[in-house]
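Observations on the model geometry
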Amino acid sequence: MDSRSWWVLTPDPPEHRLPEDLRQRDGLAGRDCGWVNQMRPFVRHFSRPGQCVFDPFCGFGTTLLAAALEGRSGCGTEIDPDRAALARERLARHGVDAPIAVGGLPQVEIPRPIDLCLTSVPYFGCRWPQAGASAGQLYDERDYAAYLQALRDIFHAVRKALPEGAFCIAMAENLVVEGRMLPLAWDLGRVLGELFVAREERLLCYERDAEPLSAASTRSNRSHEYALVFQKIAETVCLDSTRGELEAMRAAGFEYTLYGSFARWLEHGPQALPRPPADADLCLPDDEAELNRLLYWLHERHYELTLWGEPVRPPLRIERLAQHWYLRAQRRDRLGRLVRLDLGLGLGLGLASQQQADSA
Ligand SMILES: C[S@@+](CC[C@H](N)C(=O)[O-])C[C@H]1O[C@@H](n2cnc3c(N)ncnc32)[C@H](O)[C@@H]1O
């Protein structure tokens, strides 16, 4: 990898392309097949020889072939059984043994331990015109919110499988769907940002004549893609800043009970936990007015407020918080130190002490 933020990709040599007979056997004539050359620099830079590269949307096995060409092993999941069979045949012709599980995460198991996730996501609205799309086929999803939720679930499973410090790289493009701009790449970045730490983004340019955009259907002009590079890092909160914020909350008259790992850390010191806490859990009174007073106070102190990753602003109905269990309030101080408060309800119901007992 060099330091440029954009690259013009070199087309694959004929021996690495999807063979014509396999392309003909695909119901969409290989429509979604990517380039091996698109994946190779990422394999080289974000994994080491011998490590395993995983593609959760492995399609025709392009990423797994790139992994093998770079001396890595690979594995994947693919929801369409016919595509998975084509990928296996393509890889076998190269002498590559990379297991592909038929199905989608989180329902199927990732075939082997993995070190890097590298993938191109199926674009929303591209449609799967064949009859009998498999359940969970994201090309067949008509609801954008459900599509993003499915991506969230899939990358959540990826995150669980990756070791600490490993990278998750996903490629996508902003689209026009039925005449309307759809910021798919930015939304994917937001989904990944809830699970991983953003590292960088590269613009991949394809040297081919851009296709004209049409208002009639889903369109990409197929001239570029963004590669979004994220890393799995368990971020820990800054103990001093968090303690300072909790004291400021008390001084402003807010009632709360602190429980969970941050409370144990404060009470017993660093030896109580294997690593510093990732958040501070607070139990609040079941009182909508007090809740909103606190949310306005946090908002003024430049906290970002989210319910399961979705940004929210006060006023908030107490039922919404109850449905989501907790609201996350997060900010960084001037030195970049993290304060992350997870606010739940139930003070006075013994919930905090119950949860403390459960997590002990
Ligand atoms: C962009 S294509 C991948 C092509 C692949 N990068 C290649 O070049 O060989 C996306 C693939 O994701 C598959 N897919 C769609 N929904 C899925 C899901 N929920 N789980 C796993 N695969 C899925 C589609 O069948 C399609 O083959």
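Just so you know, these numbers come straight off a predicted model, no measurement behind them.

The subject of this paragraph is the site of the ligand. Contacts to the ligand come from 24 residues, most closely from Gly34, Phe60, Thr62, Glu78 and Arg83. Arg83 is positioned such that a nitrogen or oxygen atom in its side chain is 2.8 Å from an oxygen atom of the ligand. Measuring from a nitrogen atom of the ligand, one finds a backbone N or O atom of Leu138 at 3.0 Å. In isolation the ligand has 600 Å² of accessible area, and contact with the protein removes 97% of it. The class makeup of the residues in the shell around the ligand is 12 nonpolar, 9 polar and 3 charged.

In this section: the pattern of salt bridges. As enumerated under the stated definition, the model contains 26 salt bridges in all. Here Arg31 ties to Asp32 by a salt bridge, and the two come within 2.6 Å at their closest N and O atoms. What makes Arg31 partly exposed here is its relative accessible area of 27%. The partner of Glu245 in a salt bridge is Arg331, and the shortest N-O contact between them spans 3.3 Å. Taken together, the residues Glu245 in helix α7 (residues 239-251) and Arg331 in strand β16 (residues 327-332) connect sequence positions 86 residues apart. Several salt bridges share partner residues, and in doing so they unite Arg152, Asp187, Arg190, Glu194 and Glu310 into one network.

Attention now goes to the UniProt feature "domain: DNA methylase N-4/N-6" (unreviewed entry) in the chain. On the UniProt side, "domain: DNA methylase N-4/N-6" (unreviewed entry) is annotated at positions that read residues 39-88 here. Split by type, residues 39-88 is 48% helix and 20% strand. Its first and last C-alpha atoms lie 18 Å apart.

Attention now moves to the environment of Glu194. Its location among the elements puts Glu194 in helix α6 (residues 184-195). C-alpha of Glu194 to C-alpha of Phe155: the two residues are 39 residues apart in sequence and 9.9 Å apart in space. Contact partners of Glu194, with chain neighbours within four places excluded, come to Arg152, Trp308 and Gly309.

Moving on: the confidence of the model for the chain. The predicted model of the chain averages 90 in pLDDT, with 91% of residues at 70 or higher. Counting contacts from residues 356-360, a segment whose pLDDT is below 50, to residues more than four positions away or on other chains yields 4 contacts.

Below, the discussion takes up the nonpolar core. Counting 38 residues, the largest nonpolar core has Val121, Tyr147, Leu151, Phe155 and Leu188 as the members making the most contacts within it. Secondary-structure elements contributing two or more residues to this core are β2 (52-55), α5 (144-161), β6 (167-172), β7 (175-177), α6 and β11 (224-231). Setting aside chain neighbours within four positions, we find Leu151 in contact with Phe57, Val121, Leu138, Leu188 and Val191. Grouped together as the second largest cluster of nonpolar side chains are 30 residues, Val237, Leu258, Leu307 and Val339 included.

Calculation rules
Numbers given for residues are sequential positions, taken from 1 along each chain in its written order. The predicted nature of this model means local features are confined to residues of pLDDT at least 70 and side-chain atom pairs, given and counted, to a pLDDT of 80 or more, with totals for whole chains, interfaces and linings taken over all residues. Side-chain numbers come from the whole structure's heavy atoms, not from hydrogens or water. Here, proximity means that at least one heavy atom of the residue falls within 4 Å of the molecule or strand. Here a polar contact is taken to be a pair of N or O atoms separated by no more than 3.5 Å, where protein atoms must pair a possible hydrogen donor with a possible acceptor and residues adjacent in sequence count only if both atoms sit in side chains. The method behind every accessible area is Shrake-Rupley, applied with a 1.4 Å probe, and residues are considered shielded solely by the protein chains displayed. In this classification, the charged set is Asp, Glu, Lys and Arg, the nonpolar set is Ala, Val, Leu, Ile, Met, Phe, Trp, Tyr, Cys and Pro, and all remaining amino acids, among them Gly, are polar. By convention in these notes, a salt bridge is any Lys or Arg side-chain nitrogen within 4 Å of a carboxyl oxygen on Asp or Glu. Using a 1.4 Å probe on the protein chains alone, a residue whose accessible area is under 20% of its type maximum counts as buried, one over 50% counts as exposed, and one in between counts as partly exposed. Secondary structure is summarised from DSSP: a helix means a run of H or I of at least four residues, a strand means a run of E of at least two, and numbering begins at the N terminus for each. UniProt positions are given in the numbering used here, feature names are shortened, and annotations may be inferred rather than shown by experiment. Residue contacts are defined here by distance: any two heavy atoms, one from each residue, within 4.5 Å place the two residues in contact. Confidence per residue, as judged by the predictor, is encoded in pLDDT with a range of 0 to 100. Residues belong to a common nonpolar core when they are buried Ala, Val, Leu, Ile, Met, Phe, Trp, Tyr or Cys residues joined through side-chain atoms within 4.5 Å.

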